[in-house]
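# Descriptive structure summary
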Amino acid sequence: QDNLDDAILDHVRRDFIILSADKTVGESLSELRSKTIGEKIVYFYVNDADGRLVGVVPTRRLLMSDPAAKIETIMVGHVVAVPASATVLTACELLARHRFLALPVVDADGKMLGVVDITMFTEELSDVAERHAAEDAFQLIGIKVQSARERSPWIGFRYRFPWLLCNIVGGITCAFLVGRYEAFLDSVIVLALFIPVVLNLAESVSIQSTTITLQSLHRGRTNWAFLARALRREFVIAGLLGLGCGGLVALIAGLWKGESTVAFAIGSSIALSMVTACLLGVVLPMGVRAMRGDPRIAAGPMVLAVADIATLALYFSLAAWMLGSS
């Protein structure tokens, strides 16, 4: 949601389900079977005899409770609700603070008017039942709130500039590497033509590997056994990807320039670079987690900068070794 100053009532969902506190679980389930329930229902809300919101029942609790139990005995009595006079920003703050998937919106008399949930603010979340995806959504909501509270350009600069330093350091290091092999590139100019291809392939495969690793870390897999299995699996996959991509680029280079030795050196360098970049996508997030940091910081500039440096170093050193011995 871009306009955080909007009134929350302009954005609430009306497809919520109300249960009666004095009815049993069995009676409530029978009533629910006769109603059309929306796909986004996460919680059932409980009213008292006067129609005021007095509790919340999570879906799982309703399904697993004794059919003879009263709703008032299984509901969560402490309800965090959004007042009808609130803005979208206030709703964001409440969702981020309490980590609920949805919150009821109530009027001054405590009567429910609608529901606000995290899918209204985060397009990245496709299934609210996935808790690891929900954690990402809460973080995104927190960023939205922080951005709204801190509108100063200077604060935005201080928050974003350190990450750009990773790109600057990585780019300058890569420039030094290219300069170190300047004379070699002058003699084998075709290697320079394929530098963008090498970097793009390495960056793509490292980000793929990082994404898979982050998904696993969300599920709590952080032990050494997981790291060993992940490295073994990614090594095999990266090897196959490297052989496929390196072989294709080598074929194109050979047909284009007619130099089989150079083409083989390019293909081999690409294959090894992709394997290295892929393994970095596993090791860096795990390393950040081991240092008690947020592994997601390794998913952006850090991985790309390290992958670029390692890729160019391998590309030039392996190609120089192979062509120098031919």
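Above this note sits the structure.
### Focus on helix α4 (residues 88–98)
All of the buried residues in α4 are Val 88, Leu 89, Ala 91, Cys 92, Glu 93, Leu 94 and Leu 95. Residue Arg 99 follows α4 closely and has a positive phi angle near 60°.

### Focus: the sheet that holds strand β4 (residues 82–83)
Ordered in space as β4-β5-β6, the 3 strands form an open sheet in which the pairing is mixed. Strands with a single pairing partner mark the edges of an open sheet, and in this sheet they are β4 and β6 (112–117). Relative to strand β5 (residues 102–106), β4 is paired through 2 bridges, and the arrangement is parallel. Residue pairing in the sheet places Val 82 in a bridge with Val 105 of β5.

### Details of the pairing of strand β3 (residues 53–58)
In the case of a regular strand, side chains alternate between the two sheet surfaces. Alignment of strand β2 (residues 43–47) against β3, held across 5 bridges, turns out to be antiparallel. By the bridge assignment, Tyr 43 is partnered in β3 with Pro 58. Between the antiparallel neighbours β2 and β3 lie 5 residues, among them Gly 51 with a positive phi of about 85°.

### Observations concerning the packing of aromatic side chains
Counting across every chain of the model gives 3 aromatic pairs. Taken together, a centroid distance of 5.1 Å and an interplanar angle of 25° make the contact between Tyr 181 and Phe 316 stacked. Of this pair, Tyr 181 sits in the loop between α6 (153–180) and α7 (182–187) while Phe 316 sits in helix α12 (residues 301–324), and the two are 135 residues apart along the sequence. The residues Tyr 181 and Phe 316 share a single accessibility class, namely buried.

What counts and how
Residues numbered from 1 in each chain as written. Predicted model: local features only at pLDDT ≥ 70, side-chain atom pairs only at ≥ 80, totals over all residues. Heavy atoms only, no water. Buried < 20%, exposed > 50% of the residue type's maximum accessible area, 1.4 Å probe, protein only. Helix = DSSP H or I, 4+ residues; strand = E, 2+ residues; numbered from the N terminus. Pairing = 2+ DSSP bridges. Phe/Tyr/Trp six-rings, centres within 6.5 Å; stacked < 30°, edge-to-face > 60°.

In short, shape yes, function no, at least from these values alone.
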